[in-house]
Amino acid sequence: MGLSGKLALVTGGGRGIGRAVCQILSRENAQVIVTDLNLDNCNQTLQSLSQLSHLAVQSDVSSSNSVKLCFEQILDKYKRAPDIIVNSAGITKDGFLLRMKEQDFDQVIDVNLKGTFLVTQTGAGLMKDQGIQGSIVNIASIVGKTGNIGQANYTASKAGVIGFTKTAAKELGKFGIRVNAVLPGFIQTAMTDAVPDKVKEKIVAEIPLGHLGQPEDIAYTCLFLASSRSKYITGASIEVAGGLGV
Ligand SMILES: NC(=O)c1ccc[n+]([C@@H]2O[C@H](COP(=O)([O-])OP(=O)(O)OC[C@H]3O[C@@H](n4cnc5c(N)ncnc54)[C@H](O)[C@@H]3O)[C@@H](O)[C@H]2O)c1
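This is a predicted model, so every value here is computed, not measured. (Residues numbered from 1 in each chain as written. Predicted model: local features only at pLDDT ≥ 70, side-chain atom pairs only at ≥ 80, totals over all residues. Heavy atoms only, no water.)

**Structural notes on the sheet that holds strand β7 (residues 237–240)**
Rules: Strands qualify as paired when DSSP identifies two bridges or more between them. What counts as a helix is a DSSP run of H or I of at least four residues, what counts as a strand is a run of E of at least two, and both are numbered from the N terminus. All axes are obtained by fitting lines to C-alpha atoms, using only the stretch in contact for helices, and the reported angles, taken between N-to-C directions, cover 0 to 180 degrees. By definition, residues are in contact when any of their heavy atoms lie within 4.5 Å.
The strand order across the open sheet formed by seven strands is β3-β2-β1-β4-β5-β6-β7, and the pairing between neighbours is parallel. Edge positions in the sheet fall to β3 (55–58) and β7, since each has one partner strand and no second. Between one strand axis and the next, the sheet turns through 20° on average, direction left out of account. Across four bridges, strand β4 (residues 84–87) lies against strand β5 (residues 135–139) in parallel orientation. Bridge pairing links V86 to V137 in β5. Each of β1 (7–11), β2 (31–36), β3 and β4 is contacted by helix α3 (residues 64–78), which is oriented at about 160° to β3, the strand it contacts most.

This is the structure we're talking about:
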């Protein structure tokens, strides 16, 4: 699935799933733009990549101004839009619905859903203007399909990403731009390290494959969706969840 000559932008690339996506795309010879709120983590990801001309950009996906500045840096360096965008930046602010603070609801929607919208809107606009038949991959979540106790904000944001992906696929198909969602189950990253062990044991008991996934499991699916091997797939939601939520 070689990606020679392809330029890929990965949000949330500073750690976890986003970092694994950067590593696997770069192993297939894509040039990678690693963006994250945390620039030190972006640079650490960058150091783990092969010696192509990659770029680290500090960017907040929930801010239209920050997203605009990020694309300006990309155009400045590469003189072109990315061919591949993977929207992996995401946060949780868990709490029971009846006690959830408005601010915690808004923040999660702003990063996970609005962030995906802002990056896709700007990136796809540039792809269209430059005649690039690109691929956009949005990291949603299996709980966007099933719901999950304590995650009213997060599940709503991820269900939103699934719906957004379908609309984007319908609108952008005529430009040859594909948009798909990946729905991870429980993947071993800092995000799930925060889940108490007892809760994790309960979750594992419900996973047909009997264990948590690894960031690479998601990254390989992103690689497939980014590559021409998936050239007739758009608007899809691909579950990578060990059977959870089927
Ligand atoms: N880990 C899981 O089990 C799991 C399951 C389903 C979906 N997901 C989704 O996968 C994606 C990656 O999750 P992860 O497990 O790697 O989490 P993570 O917390 O390890 O990584 C998320 C990254 O996003 C960055 N980020 C947060 N807010 C940002 C912002 N406003 N702008 C730019 N970057 C920002 C963080 O700095 C961090 O580097 C998220 O969208 C998450 O919701 C994860």
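Having seen the model, we can carry on.
**Considering the pairing of β4**
This is how it is decided: Exposure categories follow from relative accessible area, calculated using a 1.4 Å probe and restricted to protein chains: below 20% of the type maximum is buried, above 50% is exposed, and the middle band is partly exposed. Here the term right-handed applies to a crossover when the path leading from its first strand over the helix to its second strand runs clockwise, the strands being oriented away from the viewer.
Both faces of β4 are covered, namely the face carrying I84 and V86 and the face carrying I85 and N87. Here β1 pairs with β4 via four bridges, running parallel. Among the inter-strand pairings, V10 is bridged to a residue of β4, identified as V86. Following the chain from β4 across helix α4 (residues 102–129) to the adjacent parallel β5, one finds a crossover that is right-handed.

**Concerning the site of the ligand**
How we decide: Proximity is defined per residue: if any heavy atom of the residue lies within 4 Å of a molecule or strand, that residue is considered near it. As used in this structure description, the phrase polar contact means that two N or O atoms lie within 3.5 Å; if the pair is within protein, one of them must be able to donate a hydrogen and the other to accept it, and residues adjacent in sequence are counted only when both atoms belong to side chains. Residue polarity is assigned by list, with Asp, Glu, Lys and Arg as charged and Ala, Val, Leu, Ile, Met, Phe, Trp, Tyr, Cys and Pro as nonpolar; anything else, Gly included, falls into the polar class.
Taken together, 26 residues surround the ligand, and among them I17, D36, Y154, I187 and T189 come closest. R15 is positioned with one of its side-chain polar atoms (N or O) 2.8 Å from an oxygen atom of the ligand. Backbone polar atom of V61 to a nitrogen atom of the ligand: 3.0 Å apart, as the coordinates give it. Contributions of two or more residues to the shell around the ligand are made by α1 (16–27), α6 (152–172) and α7 (190–193). When grouped by side-chain class, the residues that make up the shell around the ligand number 13 nonpolar, nine polar and four charged.

**A look at the pairing of strand β6 (residues 178–184)**
Counted residue by residue, β6 has seven buried out of seven residues, so it is predominantly covered. Burial of β6 is two-sided: the residues R178, N180, V182 and P184 facing one way and the residues V179, A181 and L183 facing the other way are all buried. Inspection of the sheet shows β5 paired to β6 by five bridges, in the parallel sense. Within β6, the residue paired with N138 across the bridge is A181.

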